[in-house]
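Structural characterization, general
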Amino acid sequence: MGRVEKDSEDKSFFEKIWTLALHRGFVIPSAEIYGGVAGVYDFGPLGSLLVKKLVDLWRRFFIIEETNFPVYEISGATILPYEVLVASGHVDSFVDPIVVCLKCKKKIRADHLVEEELGVRVEGATIEKLTRMIRENSLRCPDCGGELSEVSLFNLMFKTEIGPLGGKTAFLRPETAQVIFIDFKRIFQVMRGKLPFGIAQVGRAYRNEISPRQGLIRLREFTQMEIEVFINPKESNNYPGIEEVANSKFRVLTREGQLKGGRVVEVTVKEAIEKGVVPNAYMAYYLFKETEFFERIGIPRDKFYFRHMMPEETPFYSGGNFDLEVELSIGVKEVVGNAYRTDYDLKSHMRHSGEDLSVDVDGEKVIPEVIEPSFGVERMVYCILEHCYREDDGRGWSWLQLPPEIAPVTALILPLVKREPLVSKAKELFRTIRKSGVFVEYDDRGSIGKRYARADEIGVPVCVTIDYQTIDDNTVTLRNRDTRNQVRVKGELLQKLLLDLSEGRLTLSALEALQS
Ligand code: GAP
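Described in the following lines is the structure provided in the data block. All figures in this text were calculated on a predicted structure; none of them were measured in a lab. (Residues numbered from 1 in each chain as written. Predicted model: local features only at pLDDT ≥ 70, side-chain atom pairs only at ≥ 80, totals over all residues. Heavy atoms only, no water.)

Here three strands make up an open sheet; going across it, the order is E4-E9-E8 and the pairing antiparallel. The sheet is open, and its two edges are formed by strand E4 (79-81) and strand E8 (159-162), each paired on a single side. Neighbour to neighbour, the strand axes of the sheet diverge by 45° on average, direction disregarded. Sheet topology places E8 next to strand E9 (residues 168-172); four bridges connect them, and they run antiparallel. Residue threonine 160 lies in a different strand from E9, and its bridge partner there is alanine 170. (Pairing = 2+ DSSP bridges. Helix = DSSP H or I, 4+ residues; strand = E, 2+ residues; numbered from the N terminus. Axes fitted to C-alpha atoms, helices over the stretch in contact; angles between N-to-C directions.)

Let us look at the pattern of salt bridges. Evaluation of the coordinates by the stated rule reveals 42 salt bridges. Notably, a salt bridge pairs glutamate 325 with arginine 307, separated by 2.8 Å at the nearest N-O pair. With a gap of 18 residues between them, glutamate 325 in strand E15 (residues 321-328) and arginine 307 in strand E14 (residues 304-308) connect regions that are remote in the sequence. Side by side, glutamate 325 and arginine 307 carry an identical accessibility label, which is buried. (Salt bridge = Lys/Arg side-chain N within 4 Å of Asp/Glu carboxyl O. Buried < 20%, exposed > 50% of the residue type's maximum accessible area, 1.4 Å probe, protein only.)

With that out of the way, let us pick up the site of the ligand. For the ligand, the set of nearby residues contains 19 residues, the closest of which are Glu175, Leu219, Glu226, Glu334 and Val335. The separation between a nitrogen atom of the ligand and a polar side-chain atom of glutamate 175 is 2.6 Å. In the model, an oxygen atom of the ligand is placed 2.8 Å from a nitrogen or oxygen of the valine 335 main chain. The fraction of the free accessible surface of the ligand (550 Å²) that becomes covered by protein chains is 89%. (Near = heavy atom within 4 Å. Polar contact = N/O pair within 3.5 Å; in protein donor to acceptor, adjacent residues only side chain to side chain. Areas by Shrake-Rupley, 256 points an atom, 1.4 Å probe, with all protein chains shown as cover.)

Turning next to the nonpolar core. Membership of the largest hydrophobic core comes to 89 residues, with the highest contact counts inside it found for Trp58, Phe250, Phe293, Phe294 and Ile297. Viewed by domain, this core spans two of them, domain 1 (49-72 + 174-386) and domain 3 (399-512), each represented by three or more residues. Apart from residues lying up to four places away in sequence, isoleucine 297 is in contact with Leu54, Leu57, Met380, Ile384, Cys388, Pro403 and Ile406. Formed by 28 residues, the second largest nonpolar core is a distinct cluster that contains Ile98, Met157, Ile210 and Phe230. (Core = buried A, V, L, I, M, F, W, Y, C linked by side-chain atoms within 4.5 Å. Domains from an automatic or database assignment. Contact = heavy atoms within 4.5 Å.)

Counted under the stated rule, the structure contains zero disulfides. We note that cysteine 144 lacks a disulfide partner, and the nearest cysteine sulfur, in cysteine 101, lies 3.5 Å from it. Looking at cysteine 463, it has no disulfide partner, and the nearest cysteine sulfur is the one in cysteine 388, 17 Å off. Among the residues examined, cysteine 463 registers a relative accessible area of 1% and is labelled buried. (Disulfide = S-S within 2.5 Å.)

Moving on, we get to the side chain of arginine 109. Tracing the sequence through the fold places arginine 109 in strand E6 (residues 107-109). You can call arginine 109 buried: its relative accessible area is 11%. Once you skip the residues sitting within four places of it in the chain, arginine 109 turns out to touch Asp96, Pro97, Glu209, Ile210, Ser211 and Arg218.

Everything listed is a geometric property; what it means functionally is a separate question.
The structure is reproduced here in structure tokens:
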């Protein structure tokens, strides 16, 4: 069996990151002044900027730069009628096992409790088996030690009504994917589609989790970035352009590897397809692309891998699921789910709606199959904060080594001292750069050291200092956050340099080499 997703010992590191996230305005507990809501968080100013940049980069990487076949983004409704979620299987099967403390009434996820207390994996276990394990091992409420109820099933969807006074039953969507399936035929037609054909969506999903926990990891409202790639079932190994990435590598934990104790191996895209490590070429392509993407957002390659889910964890209709798992101080967490959903969803919606969702391929009716990479934004944000966090390396404070492409603030513009004409010159530069669309901040409060510290703590890649020499020759100094080295460059270059840095065309080391 594979490993249990168990909380690791280093809770203090998680607390450090979480405190940073709260104190620096990345995250705000929702409805905080009313005591907060478990599993619901707001993104504060820095969090919103980070999410915007992360989503923009994802969009560029997986949609705009995907030129082998079209991928179109949609923005669907978050309320779905009952019938849609009956067809998708969520009404019947989107359930988790729950147990209630008979003394303090705490509701606990039964499988998590058993896994954490007994250190065994219980995926797919029936409620009867879980109840038996709880009774036989005398498991009690982790909070008050009280006796626990029998295990039952709890549906995770948020139920609501459309229309007043007993309107139509509906649910908040538990995943963005279903909107794509029900809109598929129309989108395919209006965009004059041909297989393969991708539809993507970034948006909110809602799950009434039994035990939300670990900050951004298990939430009741969160953001998904999903792509449904519709393919011709006869051509699942013909990803157009696969030969260009044939020798690119990704790390994988196979089923066999899990049975033998969990060794991660590196494979090329070609090997993965030829040796049947993945079910088809599309899956191999996305696992490689995700590897590139995760490295680009600051997660080191040796800290994540794709785990082939074991048969008992895999939905019955799936042709194979591969979770991108990231090693964190609080244990290993799934951050992206990759599923080969076959033609299950389209067929099911055909049956329930009575609509024909097949497409025409050379005069033949074909029901496409689907490959689905599904990313969770909040989990990615937490991974970024944790993996980009750097302890004090002699500078006197901890700092965030955020890749400039996703850093919320690209540069801090600061006059050396709060005096004229330095202040006016710095403000003029600040306004010019903001107008070019790059988010920079102006700061003239406190010593220069304190201002560097504030910038480093939130991962600002560059500090631009305006000093008396700037007034003489229009040059400014740029401080590289990572090395703390400074270079002097011409003021007229600044706008372009910062734009290139914020859009990933320039690295901090290339910037440092630019002494003018
Ligand atoms: N459409 C497929 C789907 O929804 P999933 O594995 O249930 O698959 C995909 O979810 C991703 O969404 C996960 O890998 C995770 O990043 C994120 N996610 C799921 N449930 C979450 C929760 N309760 N809180 C935060 N993120 C969650």
